[in-house]
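Listed below, chain by chain, are the residues.
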Amino acid sequence: MQYSILGKTNVKVSRIALGGMSFGTEPWMVPRELSQKIIRKAMDLGINFIDTADVYSDGESERIIGESISGYREELVIATKVGLEFGTGINSAGLSRKRLYSQLRGSLERLKTNYIDIYQLHRWDYNTDALEVLSTITDFVRNGSVRYFGATSLYSFQIQKLYDLAIYNGLERITYYSPRYNLAYREEEREGIPVCRELGIAIAPYSPLARGFLSGKYKRNERPDTVRYRTDKYFPQGYFRAEDFDVLDALENVAREKGLKPSQVALAWLFSKPWITAVLLGVTKLEHLDDAVEALDIKLEKYEVETLEKQYKPHEQHGPTKSPLA
Ligand SMILES: NC(=O)c1ccc[n+]([C@@H]2O[C@H](COP(=O)([O-])OP(=O)(O)OC[C@H]3O[C@@H](n4cnc5c(N)ncnc54)[C@H](OP(=O)(O)O)[C@@H]3O)[C@@H](O)[C@H]2O)c1
């Protein structure tokens, strides 16, 4: 396994992080027993970084992870998220102090731990004062229930705002940012990535294989018919445009020439960026882990990187929540 340092913290994390969204109850996800095997195999391979969220399968992902890591907690870096709708009632979403306290308690219980390594805002909440969010997270860090503060899918100005407010008010600084970023979605190159590099914030992309689009199993002009395509509502809307298939064609050509799988080249492209701390990979088969580990050692030539990148056409952003004022 290869490891990198989490921003400016000197905490070492594996460059492959295990994505927890695949562990759960929706048709495309992996049930409990196989999930546990995947988690155990990941740990055996030296993966010490696991990402999840309170909302994944209504807490089931956190529960599965909590049960699987018993006895290994101190060796692991566990990241979870808060903010999206979970449960019922008028206060079942957002980042108010009231909600952060109750959601953190729930995540700690489900994960069977007394601290979260990286607690992430699962999008911006336009209705909660950012100072309230920051001061609550700071309380969590000071009372020992959270180690580091992170966020996912924000606009660059929001990352900068969190950082500056923390500095001016003596609060906990954002240490970690997780963007949607892969060969077929690179809008973060002009949003979160530059600001994080400037501020020394760790960058850990999610959906590195574009939810499986970059695996090679989807073909132009063929009706996609996988379980994930049919039952993951975010998948069809995120990819499958003609321009995405142009990127996929380039990826398949480079993979063919190198005698590798498209998924491995797509991961190797991310690993070739030195500013990427780790990639959060979704694993639904044990072999996916072996492919990913091999990808760590793939060297891409400059012309191959150019081939992989040149088909991309900037387009509308997906990920960050749009402001109600926009
Ligand atoms: N912060 C956020 O808002 C956010 C959003 C989404 C995801 N995430 C995080 O990122 C993690 C990964 O996200 P993701 O599952 O959307 O994306 P992904 O890692 O891009 O895609 C995973 C899918 O790719 C396919 N795959 C993986 N390895 C493969 C291999 N070696 N060969 C062929 N196919 C392979 C599998 O598809 P099949 O199962 O169809 O075979 C798998 O389900 C999640 O678990 C979660 O932790 C965070």
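What you see is a predicted model; the values in this text were computed from it and never measured.

What counts as what
Residues numbered from 1 in each chain as written. Predicted model: local features only at pLDDT ≥ 70, side-chain atom pairs only at ≥ 80, totals over all residues. Helix = DSSP H or I, 4+ residues; strand = E, 2+ residues; numbered from the N terminus. Contact = placed C-beta atoms within 7 Å. Near = placed C-beta within 6 Å. Nonpolar A, V, L, I, M, F, W, Y, C, P; charged D, E, K, R; others polar. Axes fitted to C-alpha atoms, helices over the stretch in contact; angles between N-to-C directions. Parallel < 35°, antiparallel > 145°, perpendicular 65-115°, else oblique. Left-handed = near helix turned anticlockwise from the far one by under 90°. Buried ≥ 20, exposed ≤ 12 C-beta atoms within 10 Å, placed from the backbone. Core = buried A, V, L, I, M, F, W, Y, C linked by C-beta atoms within 7 Å. Pairing = 2+ DSSP bridges. Arc of directions from axis to C-beta. Right-handed = clockwise from strand over helix to strand, strands pointing away.

A.B. asks: A description of the overall build of the protein chain should follow, citing residues and the corresponding values.
C.D. replies: In terms of regular secondary structure, the protein chain is built from 12 helices and 10 strands. Here the C-alpha coordinates of the protein chain stretch approximately 55 × 45 × 40 Å along the principal axes. Considering only contacts within the protein chain whose residues lie at least 6 apart along the sequence, 80% involve residues at least 24 apart.

A.B. asks: Give a detailed account of the site of the ligand, specifying residues and quantitative values.
C.D. replies: Taken together, 26 residues lie near the ligand, and G19, M21, G212, S215 and G282 sit nearest. For the shell around the ligand, the element with the most residues is strand 10 (residues 279-282), which contributes three residues. Here the residues of the shell around the ligand are counted per class, giving seven nonpolar, 14 polar and five charged.

A.B. asks: Please set out the packing of helix 1 (residues 32-44) against helix 2 (residues 60-68) residue by residue, giving values where relevant.
C.D. replies: The geometry of helix 1 relative to helix 2 is characterised by a closest axis approach of 10 Å and an angle of 55° between their N-to-C directions. The pairing of helix 1 with helix 2 is recorded here as oblique in orientation. The interaxial crossing formed by helix 1 with helix 2 has right-handed handedness. Within the contact between the two elements, helix 1 uses R32, S35, Q36, I39 and R40 and helix 2 uses I64, I65 and S68. Here the residues of the contact of helix 1 with helix 2 sort into three nonpolar, three polar and two charged.

A.B. asks: Quick one: what's the story with helix 10 (residues 262-271), residue by residue and with numbers?
C.D. replies: For helix 10, a buried count of nine out of 10 residues is recorded, marking the element as mostly surrounded by other parts of the structure. Three or more residues of helix 10 are buried, namely P262, S263, Q264, V265, A266, L267, A268, W269 and F271. Residues of helix 10 that are buried make contact with helix 9 (242-258), strand 10, helix 11 (286-295) and helix 12 (302-310).

A.B. asks: Provide a residue-level description of the nonpolar core, including the pertinent values.
C.D. replies: By size, the foremost hydrophobic cluster in this structure holds 85 residues, and its most contacted members are A17, I174, L214 and L251. If near-sequence neighbours (up to four positions away) are discounted, L251 is found in contact with L183, L214, P262, V265, A266 and L308. Formed by five residues, the second largest nonpolar core is a distinct cluster that contains M21, A53, V55 and F86.

A.B. asks: Describe the sheet that holds strand 10, with residues and values.
C.D. replies: The strand order 9-8-7-6-5-4-3-10 describes an open sheet built from eight strands, whose pairing is parallel. Looking at which strands have only one partner, the edges of the open sheet turn out to be strand 9 (202-203) and strand 10. Note that strand 8 (residues 174-178) and strand 9 share two bridges and pair parallel. Within the sheet, the bridge partner assigned to Y177 lies in strand 9 and is I203. In the packing of helix 4 (residues 130-143) onto the sheet, contacts are made with strand 6 (116-122) and strand 7 (146-152), and the angle to strand 7 comes to roughly 150°.

A.B. asks: Quick one: what's the story with helix 11, residue by residue and with numbers?
C.D. replies: Every buried residue belonging to helix 11 is among A292, V293 and A295, and all of these are buried. What you see down the axis of helix 11 is that its buried residues fit within an arc of 155°, all on one side. Facing away from the buried surface of helix 11 by more than 90 degrees, the exposed residues are E287 and D290. Against strand 3 (16-19), helix 10 and strand 10 lie the buried residues of helix 11.

A.B. asks: So what's going on with the pairing of strand 7? Which residues, and what values?
C.D. replies: Judged by how many residues are buried, strand 7 sits mostly within the fold: six of seven residues are covered. In this fold, strand 6 hands off to helix 4, which returns the chain to strand 7; that crossover is right-handed. Handedness of the crossover joining strand 7 and strand 8 through helix 5 (residues 156-169) is recorded here as right-handed.

A.B. asks: Describe the packing of helix 4 against helix 5, naming the residues involved and giving the relevant values.
C.D. replies: The N-to-C vectors of helix 4 and helix 5 enclose an angle of 65°; their axes lie 10 Å apart at closest approach. As judged from the angle between their axes, helix 4 and helix 5 are roughly perpendicular. The handedness of the crossing between helix 4 and helix 5 is right-handed. In contact with A130, L131 and L134 of helix 4, helix 5 contributes K161, L162, L165, A166 and N169.

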